[in-house]
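Here is what each chain is made of, one letter per residue.
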Amino acid sequence: QVQLVESGGGSVQAGASLRLSCAASGRIFSNYVMGWFRQATGKEREFVVILTWTSGNPLYADSVTGRFTISRNNAKNTVYPEIHSLKPEDTAVYYCAARSTTATEYPNWGQGTQVTVSS
């Protein structure tokens, strides 16, 4: 079982940056995949970025490429996505999720953190 806790959301003006975090605990393995998703009110959940827990380059959705970076602290089992040049359309609840590389779905999800961007 893997537990995930997101933090770092908030309300900001357009153009600002935010650094989120996702702390993982429990049975995290080196072959785990960490994904970030977001869901705006009334919309489908949207993929944002995916990376393996300990290595590999992140893969970003087109909607955030160039504005979204992600780093990790393996010693703390924590990943830190940063969103730059925030736009009102980035307003959503952001979730981190984890799965093994062989899984097709994400069984482990955090509670989400709200990001609100005003123009």
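Okay, so let's go over this structure.

What counts and how
- Numbers given to residues run from 1 along each chain, matching the order in which its sequence is written.
- Local features in a predicted model are, by the rule used here, given only for residues with pLDDT of at least 70; side-chain atom pairs are given and counted only at 80 or more, and totals for whole chains, interfaces and linings are based on all residues.
- Computation of side-chain values: all heavy atoms of the structure, hydrogens and water removed.
- Numbering of helices and strands runs from the N terminus, with a helix taken as a DSSP run of H or I at least four residues long and a strand as a DSSP run of E at least two residues long.
- With C-alpha atoms as the basis for the radius of gyration, the globule rule is written as 2.2 Å multiplied by the number of residues raised to the power 0.38.
- Burial classes follow relative accessibility: with a 1.4 Å probe on protein chains only, a residue under 20% of its type's maximum area counts as buried, one over 50% as exposed, and anything between as partly exposed.
- Between two residues, a contact is recorded if the distance between any of their heavy atoms is within 4.5 Å.
- Two aromatic rings from Phe, Tyr or Trp, using only the six-membered ring of Trp, form a pair when their centres are within 6.5 Å; if the ring planes differ by under 30 degrees the pair is stacked, by over 60 it is edge-to-face, and anything between is tilted.
- To count as a disulfide, a pair of cysteine sulfur atoms needs to be within 2.5 Å.
- What makes a salt bridge here is a side-chain nitrogen of Lys or Arg within 4 Å of a carboxyl oxygen of Asp or Glu, nothing more.
- Residues enter a nonpolar core if they are buried and are Ala, Val, Leu, Ile, Met, Phe, Trp, Tyr or Cys, with the set joined through side-chain atoms within 4.5 Å.

The subject of this paragraph is the overall build of the protein chain. Regarding its fold elements, the protein chain presents 0 helices and 12 strands. Going from N to C terminus, the protein chain has its helices and strands arranged as β-β-β-β-β-β-β-β-β-β-β-β. The C-alpha radius of gyration computed for the protein chain amounts to 14 Å, which stays within 12% of the reference 14 Å derived for 119 residues, consistent with globular compactness. Seen along its three principal axes, the alpha-carbon backbone of the protein chain occupies a region of about 40 × 25 × 25 Å. The buried share among the 119 residues of the protein chain stands at 40%. Of the contacts formed within the protein chain by residues at least 6 apart in sequence, a portion of 53% connects residues at least 24 apart.

It is worth spelling out the packing of aromatic side chains at this point. Here the structure, examined in full by the defined rule, presents 6 aromatic pairs. Taken together, a centroid distance of 6.1 Å and an interplanar angle of 70° make the contact between Phe37 and Phe47 edge-to-face. Placement of Phe37 in strand E5 (residues 32-39) and of Phe47 in strand E6 (residues 46-52) is noted, with a sequence separation of 10 residues between them. Of the residues examined, Phe37 reaches a relative accessible area of 11% and is grouped as buried.

With that settled, consider the state of the cysteines. Summed over the entire model, instances satisfying the criterion amount to 1 disulfide. The disulfide that involves Cys22 links it to Cys96, with 2.0 Å between the sulfurs. Negative torsions about the S-S bond denote left-handed disulfides, and the value of about 65° found for Cys22 with Cys96 makes this one right-handed. Placement of the pair is Cys22 in strand E4 (residues 21-26) and Cys96 in strand E10 (residues 92-100), with a sequence separation of 74 residues. For the pair shown, Cys22 and Cys96 are each scored as buried.

To continue, consider the pattern of salt bridges. Summed over all chains, the structure comprises 3 salt bridges. A salt bridge links Arg38 to Glu46; its shortest N-O distance comes to 2.8 Å. Among the salt bridges present, the one from Arg67 reaches Asp90, with a minimum N-O distance of 2.7 Å. Residue Arg67 is found in the loop between strand E7 (59-60) and strand E8 (68-73), and its partner Asp90 is found in the loop between strand E9 (78-83) and E10; the two are separated by 23 residues along the sequence. For the pair shown, Arg67 and Asp90 are each scored as buried. Members of the salt-bridge network, linked through shared partners, are Arg38, Glu46, Arg67 and Asp90.

Counting residues in hydrophobic clusters, the biggest one holds 28 residues, and the most contacted among them are Leu4, Met34, Trp36 and Tyr94. Elements that contribute at least two residues to this core include exactly strand E1 (2-7), E4, E5, E6, E8, E9, E10 and strand E12 (113-118). Broken down by element, this core gets its largest block of residues, 4 residues, from E10. Setting aside its immediate chain neighbours within four residues, Tyr94 contacts Glu6, Leu20, Trp36, Phe37, Arg38, Phe68, Ile83, Gly112, Thr113 and Val115. By size, the runner-up hydrophobic cluster in this structure holds 5 residues, among which are Val33, Phe37, Ala97 and Tyr106.

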